[in-house]
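Close look at the chain arrangement
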Amino acid sequence: MGKLGKQTWIFENQVYINETATVAGPMEAQGPLSETFDITFDDLHCHEDNWEKAERKILQQSIQTCIQKARLQTDQIDLMLSGDLLNQNVTSNYAARTLSIPILNMFGACSTSMETLAVASALVDAGFVNNAIAATSSHNATAERQFRYPTEYGGQKPATATTTITGGGSALVSQKPSTIRVEAATIGKVMDYQMGDPFDMGSAMVPAAYDTIKTHLADMGRSPDDYDLIVTGDLSSIGSPILKDMMKEDGINIDDVHNDCGLMIYNSDQPVFAGGSGTACSAVVTYGHIVSELRKGRLNRVLIAATGSLHSPTMIQQKETMPSIAHGVVLTREELS
């Protein structure tokens, strides 16, 4: 593994995504990317007793489906890197208890999908791991209960709010050649826009996305034209225009190649306020839609900058602002000989 600048890793030993799997909830299954999901559920309980068990089932099924699609057995997986939004990463821990795979728990809020993928790729590149699973999940009702108000409370939300998606996404990473190579990763810094409204995370996460994308392009010596798509995690309809304007102020125009996972996953007429968010937002879009487009040759090089707001309910109650982070990973299409 090599390094460019201060924050970008280059994977020199040909690291690949061999398989992916996505599981989605009812609202996501009604969206424009429904055909890219491996498994969907028609209710938030996912046939379980409570929402936390439902989220656990979603994560576990995405991991098991990914392993099965790769025609491997669970005991052939050397390491699982996983994270979620719940306290103490209980979704990942309880899933790992059942799967019996060595695990490194990770937390970057909604940036966790690319954090796990970046670290998994680094470990594979360095030879510490042969087969790694990078996974994450989120659930609308579990997140609402922990970060805002229980769903039964019926609290009103402003238009700037985002909707935590219900879903789980997993990727199998190894040095076995495939059509999708993990080329590089840019590790983000914690940034703070001095915002304290948990119902406007899109705006709060903009500076992290801006810093990571700008740093990545400088480290790699590239421009937005070198990418077919530069996608952010969940800036929503509020944060995405701000990001474009900030980039233009630095002479970088990403208008033609930028999209946001939180906007891609839902139809414009769905009741999701400013768009989607959640740990699984960038995961299910990347491991479903984007991976599919890369395999079909409709995309050749993509930068996914997953964004995360690093606040907690306690910090908000103490009138703290909301720091954020973004981790970027580059996926490229490879022609197999």
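Everything discussed here concerns the structure shown above.
Residues numbered from 1 in each chain as written. Predicted model: local features only at pLDDT ≥ 70, side-chain atom pairs only at ≥ 80, totals over all residues. Heavy atoms only, no water.

Tallied over the entire structure, the rule returns 13 salt bridges. Two residues, Arg222 and Glu183, come together in a salt bridge whose shortest N-O distance is 2.6 Å. Placement of the pair is Arg222 in the loop between helix H6 (201-220) and strand S11 (229-232) and Glu183 in strand S9 (residues 180-186), with a sequence separation of 39 residues. Here the two residues Arg222 and Glu183 agree in accessibility, since each one is buried. (Salt bridge = Lys/Arg side-chain N within 4 Å of Asp/Glu carboxyl O. Helix = DSSP H or I, 4+ residues; strand = E, 2+ residues; numbered from the N terminus. Buried < 20%, exposed > 50% of the residue type's maximum accessible area, 1.4 Å probe, protein only.)

Looking now at the packing of H6 against helix H7 (residues 236-249). Between H6 and H7, whose axes approach to 8 Å, the crossing angle comes to 40°. Here H6 is positioned oblique relative to H7, judged by the angle of their axes. Crossing of H6 against H7: the hand is right-handed. Along the contact surface, H6 presents Gly202, Ser203, Val206, Ala209, Tyr210, Ile213 and Lys214, while H7 presents Ser236, Ile238, Gly239, Ile242, Leu243, Met246 and Met247. Residue composition of the contact of H6 with H7, by class: nine nonpolar, four polar and one charged. (Axes fitted to C-alpha atoms, helices over the stretch in contact; angles between N-to-C directions. Parallel < 35°, antiparallel > 145°, perpendicular 65-115°, else oblique. Left-handed = near helix turned anticlockwise from the far one by under 90°. Contact = heavy atoms within 4.5 Å. Nonpolar A, V, L, I, M, F, W, Y, C, P; charged D, E, K, R; others polar.)

Our focus in this paragraph is unusual backbone geometry. Residues other than glycine seldom take positive phi values, yet Asn89 does so here, at roughly 50°. On the secondary structure map, Asn89 appears in the loop between strand S4 (79-83) and helix H3 (90-99). Even without a glycine there, the phi angle at Ser100 is positive, about 60°. Looking at the element boundaries, Ser100 is found in the loop between H3 and strand S5 (103-105). Taking the relative accessible area as the measure of exposure, Ser100 reaches 63% and is therefore exposed.

Moving on, we come to H7. With 14 residues, H7 should cover 20 Å at 1.5 Å per step; its first-to-last C-alpha distance of 20 Å lies within 8% of that length. For H7, the set of buried residues is Ser236, Gly239, Ser240, Leu243, Met246 and Met247. When H7 is viewed along its axis, its buried side chains cluster within an angular range of 130° and face the same direction. In this fold, the buried residues of H7 make contact with H6, S11, strand S12 (258-260) and helix H8 (261-264). Directly after H7, the chain includes Gly251, whose backbone phi takes a positive value near 80°. (Expected span 1.5 Å × (residues − 1). Arc of directions from axis to C-beta.)

Let us now look at the environment of Ser240. Its place among the elements puts Ser240 in helix H7. Of the residues examined, Ser240 reaches a relative accessible area of 4% and is grouped as buried. C-alpha of Ser240 to C-alpha of Ala209: the two residues are 31 residues apart in sequence and 9.6 Å apart in space. Those residues in contact with Ser240, other than ones at most four positions away along the chain, are Thr232, Leu235, His258, Asp260 and Leu263. Here Ser236 takes part through its backbone oxygen, which lies 3.0 Å from a polar atom of the side chain of Ser240. (Polar contact = N/O pair within 3.5 Å; in protein donor to acceptor, adjacent residues only side chain to side chain.)

Every second residue of S11 is oriented toward a common face, with Leu229 and Val231 on one face and Ile230 and Thr232 on the other, all of them buried. One ladder, built from four bridges, connects S11 with strand S14 (residues 301-309); its direction is parallel. Counterpart to Ile230 in the pairing with S14 is Leu303. The parallel pair S11 and S12, bridged by H7, forms a crossover whose chirality is right-handed. (Pairing = 2+ DSSP bridges. Right-handed = clockwise from strand over helix to strand, strands pointing away.)

The tally for this structure, following the rule as stated, stands at zero aromatic pairs. Against the face of Tyr227 rests Arg301, its NZ or CZ located 5.9 Å from the ring centre. (Phe/Tyr/Trp six-rings, centres within 6.5 Å; stacked < 30°, edge-to-face > 60°. Lys NZ or Arg CZ within 6 Å of the ring centre and 35° of its normal.)

One finds Leu117, Val231, Val285, Ile290, Val302, Val329 and Leu331 to be the most contacted residues of the largest nonpolar core, which totals 47 residues. The leading source of residues in this core is helix H9 (residues 279-295), at nine residues. Sequence-distant contacts of Val231, that is, excluding residues within four places in its chain, are made with Asn259, Asp260, Cys261, Met264, Ile290, Val302, Leu303, Ile304 and Ala305. (Core = buried A, V, L, I, M, F, W, Y, C linked by side-chain atoms within 4.5 Å.)

Any link to function would need more than the numbers given here.
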